[in-house]
Amino acid sequence: MIQETKHHAGFVAMVGRPNVGKSTLTNSLIGEKIAIMSDRPQTTRNKIMCIMNTDNAQIMFLDTPGIHKPQHKLGEYMVRTAESTLQEVDVVLFIVDVNEKRGAGEDYILELLKKVKTPVILVANKIDKLQDKSKLFKIIEGYTKLYNFAAVVPVSALQDKEFPGLVDEITKHLPEGPAYFPDDMITDQPERVIAAEMIREKVLRLTRDEVPHSIAVEVEEFKERDEENIYIRATIFVERESQKGIVIGAKGSLLKKIGQQARADLEKLLYCKVYLDLWVKVKPDWRNQDKSLKQFGYK
């Protein structure tokens, strides 16, 4: 008699300090670019669910904002979003950058984790950048002395193509049950939200230091012209006139580059031609205004 393989399904929170590779790992696991990536800290602002299907499991990854000391109401919202996710999931992945010394940020997250009963897997990321590989054991030991992890898995979110060890460890702790979502669904985010995030990613990558965290993007029109063409009109909001000038660039050069790069990513994801119409507007101090935060989906 052949024993039937049991199916598991559940939710997994990705937590860690800003810039440890949570979004890169999320995208690598599901094989699609959904969560935006940047070398800027605090790139992820909202909780984004990405769905992975294996032979015996459906895993819903929740990519959360990096936990940090907030400087404004937007920051407070981001930290609340990340912390509340710990109460809602079946497994927590605590992602750390092995090239960075453990600091107050990691210690704060460890204290948060001690308050939940959820199994926590330590994901030691960016091992490809570790100059002296012999130091890895000592780095991991520093964490395991402070917390009883369900498992420890070293990875390179950027270079690894598959993550069998990590996926196996996650699946062990998921409840048995059928899939929550159809096999072909990879995220719960509406297409217009993904479009806004991909535009914001390009602004983060292409602008100077004073601009990135002041950026919000709102998709005001998302229209299918036919099966092969989509029209998207979006506004990039900044907090100061000087930032508007930077985003637009000389004779519109930077805004054109933002549009070209965002359109390329959107066409890969949507499998059709995209016409992207971008505008830039100033909304002073929007990160501290409840009305603006709600408008941009941060409430």
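This text follows the structure it describes.
Definitions and limits used
Residues numbered from 1 in each chain as written. Predicted model: local features only at pLDDT ≥ 70, side-chain atom pairs only at ≥ 80, totals over all residues. Heavy atoms only, no water. Helix = DSSP H or I, 4+ residues; strand = E, 2+ residues; numbered from the N terminus. Buried < 20%, exposed > 50% of the residue type's maximum accessible area, 1.4 Å probe, protein only. Contact = heavy atoms within 4.5 Å. Areas by Shrake-Rupley, 256 points an atom, 1.4 Å probe, with all protein chains shown as cover. Pairing = 2+ DSSP bridges. Axes fitted to C-alpha atoms, helices over the stretch in contact; angles between N-to-C directions. Arc of directions from axis to C-beta. Phe/Tyr/Trp six-rings, centres within 6.5 Å; stacked < 30°, edge-to-face > 60°. Lys NZ or Arg CZ within 6 Å of the ring centre and 35° of its normal.

(A) Spotlight on the overall build of the protein chain. The secondary structure content of the protein chain amounts to nine helices and nine strands. Scored against the burial criterion, the 299 residues of the protein chain give a buried share of 52%. For the protein chain, restricting intrachain contacts to residue pairs at least 6 apart in sequence, the fraction spanning at least 24 positions comes to 72%. Of the roughly 15,200 Å² of accessible surface on the protein chain, 49% is carried by carbon and sulfur atoms.

(B) Quick peek at the environment of I140. Mapping I140 onto the fold places it in helix α4 (residues 136-144). Relative accessible area serves as the criterion here: at 14%, I140 is assigned to the buried category. Linking I140 and L122, residues 18 residues apart in sequence, is a C-alpha distance of 8.6 Å. Excluding its chain neighbours within four sequence positions, the residues that come into contact with I140 are A124, V152 and P154.

(C) Looking closely at the sheet that holds strand β4 (residues 91-97). On the basis of which strands lie adjacent, the open sheet formed by six strands has the order β2-β3-β1-β4-β5-β6 and mixed pairing. Edge strands, defined here as strands with exactly one partner in the open sheet, are β2 (48-53) and β6 (151-154). Here the average twist between neighbouring strands, direction ignored, is 25 degrees. Here strand β1 (residues 8-15) pairs with β4 via four bridges, running parallel. Along β4, the bridge assignment pairs M14 with L93. Seen against the sheet, α4 touches β4, β5 (120-125) and β6 and runs at an angle of roughly 150 degrees to β6.

(D) Expanded view of the sheet that holds strand β9 (residues 273-282). A sheet is described by the order of its strands in space; here three strands give the open sequence β7-β8-β9, paired in mixed fashion. For this open sheet the edge positions go to β7 (216-226) and β9, each flanked by a neighbour on one side alone. Strand-to-strand twist of the sheet, defined as the mean angle between neighbouring strand axes without regard to direction, takes the value 15 degrees. Two elements, β7 and strand β8 (residues 229-238), share nine bridges in a ladder whose sense is antiparallel. Pairing of E218 across the sheet is with T235, part of β8. Against the sheet, helix α6 (residues 191-206) contacts β7, β8 and β9, and its axis sits at roughly 125 degrees relative to β7.

(E) Here's a closer look at helix α7 (residues 241-248). Among the residues making up α7, those that are buried are Q243, I246 and V247. Along the axis of α7, the buried residues cluster in a sector spanning 95 degrees; they form a single face. Contacts made by the buried residues of α7 are with α6, β8, α8 (253-270) and β9. G249, located one to two residues past α7, shows a positive phi value of around 80 degrees.

(F) Inspection of the packing of aromatic side chains at higher detail. For the structure on display, the rule yields six aromatic pairs. Seen from their ring centres, F94 and F149 are 6.5 Å apart, and the 20 degrees between their planes marks the pair as stacked. Within this pair, whereas F94 is found in strand β4, its partner F149 is found in the loop between α4 and β6, the two being separated by 55 residues in sequence. No difference in accessibility class separates F94 from F149, as the two residues are buried. Taking the centre distance of 4.8 Å and the plane angle of 50 degrees together, the rings of Y147 and F149 count as tilted. Accessibility classification places Y147 together with F149 in one group, the buried group. Taken together, F94, Y143, Y147 and F149 form an aromatic cluster joined through their ring pairs. Over the aromatic face of Y143 sits the side chain of R102, whose NZ or CZ is 6.0 Å from the ring centroid.

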